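Structural characterization, general
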Amino acid sequence: NMNPHCDRCKGAGFYTFNVPVTHPQFGVLQRCSCNTEGLQRKGNIKPDQTFQTFTKEHCPAVVYRVQQYANNPQGLLYLWGSTGNGKTHLAYAVANYFISVTLKHVYFDTVSSILNRLRRGYSDETAESYDQVLLFLKTVPLLILDDLGAEKVTDWVGEQLFTIINYRYTAQLPTIITSNLSPMDQSYSPRLQSRFLDQVASCVIQFPNQDYRRLTVKERL
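Report on the accompanying structure. It should be emphasised that the depicted structure is a prediction, and the values quoted were computed from it without experimental measurement. (Residues numbered from 1 in each chain as written. Predicted model: local features only at pLDDT ≥ 70, side-chain atom pairs only at ≥ 80, totals over all residues. Heavy atoms only, no water.)

1. Here we look at the overall build of the protein chain
Rules: Strands are runs of DSSP state E lasting at least 2 residues, helices are runs of H or I lasting at least 4, and numbering of each runs from the N terminus. Burial status follows relative accessibility: with a 1.4 Å probe on protein chains alone, a residue under 20% of its type maximum counts as buried, one over 50% as exposed, and anything between as partly exposed.
For the protein chain, the count of helices and strands is 8 helices and 7 strands. For the protein chain, buried positions account for 44% of its 221 residues.

Next comes the structure, spelled out in structure tokens:
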């Protein structure tokens, strides 16, 4: 993930300051920015979508709860509410914080794109098989499933989603889901509903109805 052509760290991901031996920072490893940039690119993470760039005045209680999850990321985080209220921004914010603290892989994608990636895995011509894609989605350190519920529901779709979500739910792997739908929506199977509403292993946060995208830059900051 590091940039081998980085002038600062030469691809190592860390560097030290050129200071005298007596300096307190002598020999102290500094994390290079190219370290996190590679993880952001590979995980489809927008680096400008952080907690600092999200207006707390918009929904301070929601931001506080999402930040609590970011500080102890495990299990399911289900963010839901109407379109344009900042769910995806805060999902990115958790991902950026997670990367900066852990330097572990994350993966963000819409559910429809993830399902298409799984379908392509059935083809002999694809670079990655269905089993490889499924294993990656089940085990990546942080997975963000964006816009759950927008896809057409079929038996196959339901089974893929349950397989991924249930594996991560059971293993308590950090998993963020954004949706316009309530976790009790009838389009979800009872099995999924029960996992979303688990008071111990899951956290459900409903967003206010205000459209965050309609706020001015000044209002957002």
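2. Quick notes on unusual backbone geometry
Even without glycine at this site, D147 takes up a positive phi of about 65 degrees. Under the relative-accessibility criterion, D147 is labelled partly exposed at 33%. Phi at Q172 takes a positive value of approximately 60 degrees, unusual for a residue other than glycine. Positionally, Q172 belongs in the loop between α6 (155–171) and β6 (175–179).

3. Concerning the pattern of salt bridges
In plain terms, the rule: Counted as salt bridges are all cases of a side-chain nitrogen of Lys or Arg within 4 Å of a carboxyl oxygen of Asp or Glu.
Under the criterion given, the structure shown has 2 salt bridges. Its salt-bridge partner being R117, residue E128 comes within 2.7 Å of it at the nearest N-O pair. You can see E128 sitting in the loop between α4 (111–120) and α5 (130–139) and its partner R117 sitting in helix α4, a full 11 residues away along the chain. Of the charged contacts in the structure, one is a salt bridge between R191 and E159, with a shortest N-O distance of 3.5 Å. Of this pair, R191 sits in helix α7 (residues 190–196) while E159 sits in helix α6, placing them 32 residues apart in sequence.

4. Re the layout of surface pockets
Threshold: Only protein atoms enter the 1 Å grid, on which a cavity is a set of points fitting a 1.4 Å probe that cannot get out and a pocket is an open set with protein on both sides within 12 Å along at least 5 of 7 lines, lining residues being those with an atom within 4 Å of a point. Grid points are joined across faces, edges and corners, and a volume is the space filled by probe spheres set on the points. Polar here means any residue other than Ala, Val, Leu, Ile, Met, Phe, Trp, Tyr, Cys and Pro, which are nonpolar, and Asp, Glu, Lys and Arg, which are charged; Gly is therefore polar.
Approximately 190 Å³ is the volume found for the second largest pocket. Together, R65, Q68, Y69, N72, Q74, L76, Q172, V200, A201, S202 and C203 line the second largest pocket. When contributions to the lining of the second largest pocket are tallied by element, the ones reaching two or more residues are α2 (60–71) and β7 (202–206). Per-element tally for the lining of the second largest pocket: the top contributor is α2, with 3 residues. Residue classes in the lining of the second largest pocket are distributed as 5 nonpolar, 5 polar and 1 charged.

5. Details of the environment of G81
Short version of the rule: Whether two residues are in contact is decided by their heavy atoms, any of which lying within 4.5 Å being enough.
The residue G81 is located in the loop between β3 (76–80) and α3 (87–102) in this model. Looking at G81, the relative accessible area reads 4%, which means it is buried. The spatial distance from the C-alpha of G81 to the C-alpha of S182 is 7.5 Å, given a sequence separation of 101 residues. When near neighbours in sequence (up to four residues on either side) are disregarded, G81 contacts K87, S179, N180 and F207.

6. Focus: the pairing of β6
On a regular strand, one side chain projects to one face of the sheet and the next to the other, so that they alternate. Condition: At least two DSSP bridges between two strands are required for those strands to pair. A clockwise path from the first strand over the helix to the second, with the strands pointing away from the viewer, defines a right-handed crossover.
Of all the 5 residues making up β6, 5 are buried; the element is thus mostly covered by neighbouring parts of the structure. Bridge count for β3 against β6 is 5 bridges, and the pairing is parallel. Its bridge partner being in β6, Y78 is matched across the sheet by I177. Where strand β5 (residues 142–148) and β6 come together, 4 bridges link them in parallel fashion. Each residue of the ladder has a partner; that of L148, found in β6, is S179. Crossover handedness for the path β5 to α6 to β6: right-handed.

7. Focus on the side chain of Q49
Put simply, the test is: Identification of polar contacts relies on pairs of N or O atoms within 3.5 Å, with a donor-acceptor requirement for protein atoms, meaning one able to donate a hydrogen and the other able to accept it, and with residues adjacent in sequence counted only if both atoms are side-chain atoms.
Assignment of secondary structure puts Q49 in the loop between α1 (33–42) and α2. Among the polar contacts made by the side chain of Q49, one reaches the side chain of H89 at a distance of 3.3 Å.

8. Here's the deal with the packing of aromatic side chains
Describing an aromatic ring pair means giving the distance of the ring centres and the angle of the ring planes. Applied cut-off: Pairing of aromatic rings covers Phe, Tyr and the six-membered ring of Trp, with a centre-to-centre limit of 6.5 Å; geometry is then stacked below 30 degrees between planes, edge-to-face above 60, and tilted otherwise. Criterion for a charge above a ring: Arg CZ or Lys NZ at most 6 Å from the ring centre, at most 35 degrees from the ring normal.
Taken as a whole and judged by the stated rule, the model has 7 aromatic pairs. Note on Y188 and F196: the rings are 5.3 Å apart at their centroids and 75 degrees apart in plane angle, and the pair reads as edge-to-face. Summarising the burial analysis for this pair, Y188 and F196 share the class buried. Put simply, the rings of Y78, Y188 and F196 touch in pairs and so form one group of aromatic residues. Lying over the aromatic face of F162, R191 brings its terminal NZ or CZ to 3.7 Å of the ring centre.

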